[in-house]
Amino acid sequence: MAPVTVRVPAKVNLQLSVGPERPDGYHELVTVFHAVSLFDEVTAAPSDELRITVEGEGAAEVPLDDGNLAMRAARLLAAEVGIDPRAHLHIRKGIPVAGGMAGGSADAAAALVACDELWHAGLPVERLHLLAAELGSDVPFALIGGTAIGTGRGERLTPALARGRYHWVFALADKGLSTPAVYRECDRLRAGQASPPVVSEALMTALRSGDPSALGRALCNDLQPAALSLRPHLRLVLEAGEEAGALGGIVSGSGPTCAFLARDEAHALDIAVALSSSGVCRTVRCAHGPVPGARMVRR
Ligand code: C5P
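To keep things clear, this report deals only with the structure shown in the data block.

Definitions and cut-offs
- Residues numbered from 1 in each chain as written.
- Predicted model: local features only at pLDDT ≥ 70, side-chain atom pairs only at ≥ 80, totals over all residues.
- Heavy atoms only, no water.
- Helix = DSSP H or I, 4+ residues; strand = E, 2+ residues; numbered from the N terminus.
- Rg over C-alpha atoms; globule rule 2.2 N^0.38 Å.
- Buried < 20%, exposed > 50% of the residue type's maximum accessible area, 1.4 Å probe, protein only.
- Contact = heavy atoms within 4.5 Å.
- Lys, Arg positive; Asp, Glu negative; His and termini not counted.
- Charge placed at Lys NZ, Arg CZ, Asp CG, Glu CD.
- Near = heavy atom within 4 Å.
- Polar contact = N/O pair within 3.5 Å; in protein donor to acceptor, adjacent residues only side chain to side chain.
- Areas by Shrake-Rupley, 256 points an atom, 1.4 Å probe, with all protein chains shown as cover.
- Nonpolar A, V, L, I, M, F, W, Y, C, P; charged D, E, K, R; others polar.
- Salt bridge = Lys/Arg side-chain N within 4 Å of Asp/Glu carboxyl O.
- Phe/Tyr/Trp six-rings, centres within 6.5 Å; stacked < 30°, edge-to-face > 60°.
- Expected span 1.5 Å × (residues − 1).
- Pairing = 2+ DSSP bridges.
- Axes fitted to C-alpha atoms, helices over the stretch in contact; angles between N-to-C directions.

Some details on the overall build of the chain
When you go through the chain residue by residue, the secondary structure sums to 10 helices and 12 strands. Rg of the C-alpha trace for the chain: 19 Å, near the compact-globule value of 19 Å for 299 residues, within the 12% margin. Projected onto its principal axes, the C-alpha coordinates of the chain cover approximately 55 × 40 × 35 Å. Each of the 299 residues in the chain was classed as buried or not, and the buried ones make up 53%. Contacts spanning at least 24 positions in sequence make up 77% of the contacts within the chain whose residues lie at least 6 apart. Between the averaged position of the 28 positive side-chain charges in the chain and that of its 33 negative side-chain charges there is a distance of 1 Å.

Structure below.
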């Protein structure tokens, strides 16, 4: 059995509309996921037991036990096909850890694809998607990538009609934010006043026309006030991106990464330089989207 390597992208939510809390503790969402070219790589190699190693930026903060979603993904797949989960998973991090860009979910999606291949399980795509949804709300999107509307808790996906390629700058923070804590803060700030979420027509029109300026104006994230409340410093990051001339700026998912949209690649580079020299964030990354979801790159 030769090792299998799968590359998987980060996501940014172009829209994240959060409805009321459901009886199961999740929130009803309407979101527009967009996969961008910051990647993790997960390699599954033969091993006597299931173990995990991690390299790259923030690797020290990634759990090496069942707190790691990739580990849970391998166990779930093995149970589904009725075998022992024997694999060494090695993760190369390129997606910010606890950054609101679904890095852990991406690793779970990549682990599903890599182990399916390593163990010759040959699960149909639909079953992989069911396992992905069981693992986490953002995992199914990491399998498909592109630009897609997510409903339910985010796991029910419909591809969005989107034209063009968009250029982004991401401002990375020193310390992560906990997703459940940001949702709790969102509930606290809204004091139960959440209306059922709907897809933004302005956003859909911008995506169909491939117009980055219109897309920049249409970006929206209901979790942003909560992320700003828990991390007031992010306001300075958003202001710096605006001053640098971004077409739009938002907190990515539950944060603390901030995403800025540029006109083109050169503009993205200008914004990145301005953000870097402003000193408001730990580091910056340029990326483009949409890109495909988890794909095998080496066997
Ligand atoms: O689905 P996942 O395990 O990635 O979600 C992490 C946490 O984010 C949940 O435990 C919940 O607190 C919050 N969440 C939510 N509503 C959603 C998605 C996530 O409240 N639709």
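Some points on the site of the ligand
Taken together, the neighbourhood of the ligand is formed by Gly25, Tyr26, His27, Leu29, Gly136, Ser137, Arg153, Thr179, Pro180 and Tyr183. Contact between the ligand and histidine 27: an oxygen atom at 2.7 Å from a side-chain N or O atom of the residue. Between the ligand and serine 137 there is a distance of 2.5 Å, counted from an oxygen atom to a side-chain nitrogen or oxygen. When the ligand is considered free in solution it has 450 Å² of accessible area, and contact with the protein chains removes 76% of it. The set of elements that each furnish at least two residues to the shell around the ligand consists of strand E2 (27-45) and helix H5 (179-190). Considering each element in turn, the shell around the ligand owes the most residues, 3 residues, to H5. When grouped by side-chain class, the residues that make up the shell around the ligand number 4 nonpolar, 5 polar and 1 charged.

Digging into the environment of leucine 234
Along the polypeptide, leucine 234 turns up in helix H9 (residues 234-243). Taking C-alpha positions, leucine 234 is 28 Å from valine 54, a pair spaced 180 residues apart along the chain. Once residues lying within four places of it in the same chain are set aside, the contact partners of leucine 234 are Ala227, Leu228, Val251, Pro256 and Cys258.

Some remarks on the pattern of salt bridges
Following the criterion strictly, the structure yields 12 salt bridges and no others. Its salt-bridge partner being aspartate 107, residue lysine 93 comes within 3.0 Å of it at the nearest N-O pair. Note that lysine 93 is positioned in strand E4 (residues 88-93) and aspartate 107 in helix H2 (residues 103-118), a separation of 14 residues in sequence. Neither lysine 93 nor aspartate 107 differs from the other in exposure class; each is buried. Where arginine 190 meets aspartate 222, a salt bridge forms, and the shortest distance between an N and an O atom there is 3.8 Å.

Considerations on the packing of aromatic side chains
Per the counting criterion, the structure on display carries 2 aromatic pairs. For the ring pair phenylalanine 33 and phenylalanine 141, a centre distance of 4.7 Å and an interplane angle of 10° mean the geometry is stacked. Highlighted residues: phenylalanine 33 in strand E2 and phenylalanine 141 in helix H4 (residues 139-144), separated in sequence by 108 residues. We classify phenylalanine 33 as buried; its relative accessible area is 1%.

Considering H5
Quick reminder: α-helices carry 3.6 residues per turn. Residues three or four places apart thus point the same way. Between its first and last C-alpha, H5 extends 17 Å over 12 residues, near the 16 Å set by a 1.5 Å rise per residue. Close packing links the buried residues of H5 with strand E1 (4-21), E2 and helix H8 (224-230). Among the residues trailing H5, alanine 191 stands out with phi positive, at a value near 45°.

What to know about the sheet that holds strand E11 (residues 283-289)
The 4 strands are arranged E9-E10-E7-E11 in an open sheet whose pairing can be described as antiparallel. The sheet is open, and its two borders are formed by strand E9 (248-251) and E11, each paired with just one other strand. Strand-to-strand twist across the sheet, computed as the mean angle between neighbouring axes with direction ignored, equals 25°. In this structure, strand E7 (residues 166-172) lies alongside E11, joined through 7 bridges in antiparallel fashion. Bridged to histidine 167 within E11 is histidine 288. Helix-sheet contacts for H9 involve E7, E9 and strand E10 (258-262), and the interaxial angle to E10 is about 10°.

Everything listed is a geometric property; what it means functionally is a separate question.
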